[in-house]
Amino acid sequence: MEKTFLMVKPDGVQRNLIGDIVSRFEAKGFKLAGAKLMTISTELAEKHYAEHKERPFFGELVEFITSGPVFAMAWEGENVIATAREMMGKTNPTEALPGTIRGDYGMTVGKNIIHGSDSAESAERELALFFKAEELIDYMKQDATWIY
Ligand code: RTP
Ligand code: MG
């Protein structure tokens with residue numbers, strides 16, 4: 001089954017949104033495969049956001065994502081990578097639709113509450129950066145037959 005890497009950013013943690021965000025993905029029918037509260041080192045932040053290294057906002061981005069604890073998560077389910085991105089909403093919260101996480105809670109592009117992998121390649125790379133193999137749990141959920 002497909003897996004993605006999602007992370008409540010430091011602003012989402014400070015604004016007490018971890019529970020709401022976890023609830024949305026649980027209620028949708030996705031399965032949590034791993035999660036931890038952690039502080040990101042500058043080295044990990046630079047690796048995670050390596051694709052943006054040449055962008056003018058790279059320094060601010062790294063500074064922000066390392067500025068406080070984040071809630072890192074691995075979620076599993078059919079088409080979870082693209083569906084989670086839809087549930088997050090557009091990168092800039094001013095363009096994100098109501099009903100999406102960024103649309104409901106975000107105000108600026110720099111503090112947009114949540115990160116989600118944007119492709120299968122990103123998901124694989126980011127899950128390996130943030131989780132050891134043994135931190136991802138493979139288990140059955142009783143409600144799976146009522147979802148699929
Ligand atoms: P993310 O990687 O954090 O899930 O966000 P995303 O895919 O929706 O957006 P991406 O293009 O990957 O950009 C990464 C993060 O950089 C910040 N950003 N700032 N100042 C700016 O113009 C600007 N553009 C992007 C955002 O916080 C974005 O989430
Ligand atoms: Mg991105």
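Preceding block: the structure.
A quick note: this is a predicted structure, and the numbers were derived from the prediction, not measured.

Novice: Any chance you could explain the nonpolar core here in plain terms?
Specialist: Soluble globular proteins tend to pack their nonpolar side chains together in the buried interior. Within the largest apolar cluster, 20 residues are counted, with the highest numbers of intra-cluster contacts made by Leu6, Ile21, Phe25, Met73, Trp75 and Ile114. For this core, the secondary-structure elements that each account for two or more residues are β1 (3–8), α2 (18–28), β3 (70–76) and α5 (80–88). Looking at which element gives the most residues to this core, the answer is α5, with five residues. Once residues within four sequence positions are removed from consideration, Ile114 is found in contact with Met7, Lys9, Ile21, Phe25, Met88, Ile101 and Arg102.

Novice: Explain the sheet that holds β3 to me, please; I cannot follow it from the model alone.
Specialist: Sheet strands line up and pair through hydrogen bonds in the backbone, either parallel or antiparallel. Strand order in the open sheet made by the four strands is β2-β3-β1-β4, with antiparallel pairing throughout. The outermost strands of the open sheet, each flanked by one partner alone, are β2 (31–38) and β4 (114–116). In this sheet, adjacent strand axes meet at a mean angle of 15° when their direction is disregarded. Strand direction decides the pairing type here: β1 and β4, joined by three bridges, are antiparallel. Pairing of Leu6 across the sheet is with Gly116, part of β4. α5 rests against β1, β3 and β4 of the sheet, and its axis sits at about 25° to β1. The strands that helix α7 (residues 120–130) touches are β1, β2, β3 and β4; relative to β1, the one it contacts most, it runs at about 60°.

Novice: I tried to follow helix α4 (residues 58–65) on my own but got confused; where do I start?
Specialist: Helical periodicity: at 3.6 residues per turn, an α-helix aligns residues three or four positions apart in one direction. Residues of α4 that are buried: Phe58, Leu61, Val62, Phe64 and Ile65. Considered in projection along α4, the buried side chains sweep an arc of 165° and stay on one side of the axis. Along α4, exposed side chains directed more than 90 degrees from the buried face belong to Glu60 and Glu63. Where α4 is buried, its residues meet β1, α1 (10–14), α3 (42–48) and β3.

Parameters at a glance
Per chain, residues are indexed from 1 in the order of the written sequence. Note on labels: chains are lettered from A, ligands numbered from 1, in written order. Only residues with pLDDT of at least 70 are given local features in this predicted model, and only at 80 or more are side-chain atom pairs given and counted; all residues enter the totals for whole chains, interfaces and linings. Excluded from the side-chain calculation are hydrogens and water; included are all heavy atoms of the structure. Nonpolar core, defined: a set of buried Ala, Val, Leu, Ile, Met, Phe, Trp, Tyr and Cys residues in which side-chain atoms within 4.5 Å join the residues together. The cut-offs for exposure are 20% and 50% of the maximum accessible area for each residue type, with area from a 1.4 Å probe on protein chains only; residues under the lower value are buried, those over the upper are exposed, and the others partly exposed. Labels follow the DSSP assignment, with helices taken as runs of H or I lasting at least four residues and strands as runs of E lasting at least two, numbered in each case from the N terminus. We call two residues in contact whenever any of their non-hydrogen atoms come within 4.5 Å of each other. At least two DSSP bridges between two strands are required for those strands to pair. Here an axis means a line fitted to C-alpha atoms, over the contact stretch when the element is a helix, while the angle between two N-to-C directions is reported on a 0 to 180 degree scale. In this description, one arc is meant: the one made by directions from the helix axis to the C-beta atoms.

Purely spatial values, then, with no claim about function.
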